[in-house]
Amino acid sequence: MSRRGIRGAEAGLLVAAVLLAAAGCSGSDTSPSDAVSKAASAASSVGSRAGDVVASATAKAQEELDRVKGGVNAKGDIGLGAVAKDGDRSTVPVTATNSSGSQASYAVQVNFRDSGGNLLDTVVVTIGDVDKGKSKKATARSNRTLTGDVKADVGRALRH
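1. Remarks on the overall build of the chain
Okay, step 1: From N to C terminus, the chain includes two helices and eight strands.
Okay, step 2: Counting only residues that meet the buried cut, the chain has 32% of its 160 residues in that class.
Okay, step 3: The contacts in the chain between residues at least 6 apart in sequence include a share of 66% that link residues at least 24 apart.
Okay, step 4: Summed over all atoms, the accessible surface of the chain reaches about 9,100 Å², with 54% contributed by carbon and sulfur.

2. Brief notes about the nonpolar core
Okay, step 1: In this structure, I78, Y106, V108, V110, F112, I127 and A140 are the most contacted members of the largest nonpolar core, which totals 21 residues.
Okay, step 2: If we skip the residues at most four places from it in the chain, I78 touches V94, T95, A96, Y106, V108, V154 and A157.
Okay, step 3: Counting residues in hydrophobic clusters, the runner-up holds six residues, among them A61, L65, V68 and V124.

3. Here we look at the side chain of D121
Okay, step 1: With respect to the helices and strands, the residue D121 is situated in strand β6 (residues 119–130).
Okay, step 2: One buried charged residue, D121, remains without a salt bridge, the closest side chain of opposite sign being R144 at 4.8 Å.

4. Concerning the pattern of salt bridges
Okay, step 1: What the rule picks out here adds up to five salt bridges.
Okay, step 2: With a closest N to O distance of 2.5 Å, R159 and D77 form a salt bridge. With R159 in strand β8 (residues 151–159) and D77 in the loop between β1 (72–73) and β2 (78–80), this pair connects stretches of sequence that are 82 residues apart.
Okay, step 3: For R159, a relative accessible area of 17% puts it in the buried group.
Okay, step 4: Look at D77 and you get buried, because its relative accessible area is 10%.

5. Quick notes on the pairing of strand β4 (residues 89–97)
Taken residue by residue, a regular strand's side chains alternate between the two faces of the sheet.
Okay, step 1: In this structure, β2 lies alongside β4, joined through three bridges in antiparallel fashion. Bridge pairing links L80 to V94 in β4.
Okay, step 2: Both strand β3 (residues 84–86) and β4 contribute to a ladder of three bridges, which runs antiparallel. Following the sheet pairing, D86 is matched in β4 by R89.
Okay, step 3: Connecting β3 to the antiparallel partner β4 that follows it, the hairpin turn spans two residues, and G87 within it adopts a positive phi of roughly 70 degrees.
Okay, step 4: Summarising the sheet, β4 and strand β7 (residues 135–141) pair through seven bridges and their orientation is antiparallel. Following the sheet pairing, T91 is matched in β7 by R141.

What counts and what doesn't
- Residues numbered from 1 in each chain as written.
- Predicted model: local features only at pLDDT ≥ 70, side-chain atom pairs only at ≥ 80, totals over all residues.
- Heavy atoms only, no water.
- Helix = DSSP H or I, 4+ residues; strand = E, 2+ residues; numbered from the N terminus.
- Buried < 20%, exposed > 50% of the residue type's maximum accessible area, 1.4 Å probe, protein only.
- Contact = heavy atoms within 4.5 Å.
- Areas by Shrake-Rupley, 256 points an atom, 1.4 Å probe, with all protein chains shown as cover.
- Core = buried A, V, L, I, M, F, W, Y, C linked by side-chain atoms within 4.5 Å.
- Lys, Arg positive; Asp, Glu negative; His and termini not counted.
- Salt bridge = Lys/Arg side-chain N within 4 Å of Asp/Glu carboxyl O.
- Pairing = 2+ DSSP bridges.

Structure representation (structure tokens):
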């Protein structure tokens, strides 16, 4: 079972416990087994939506990188700073240092991960017109609110 699946199961158990307690304390006709079933369904739905959001962001990032024609792997030209919060979003500074012999532009896929390494979100940042031997900065910003200890890494980087 994946970590996401385990977390979903843990969330389901927590929701089930809360609903069981509430059902036991209320005067409703809802049976404990009905409450558990509803809790499991709700937890499964939440886990599914989170997975769908990450899958959608990953597909969008892939589409953006596929639009780059004649790009070469430039992961070694990219540096990331520390993840920070900007309002409700996570951000990370991205620096492209052009190691080629001419001016170039970059498309950089930045992955946001939790402390366990699970993918939370992914975005593509473009950095244009970096002179040879020079550096230029941009900021990657998550598509949605991320919680916990968020880390960032370079998924792919293309120089073109």
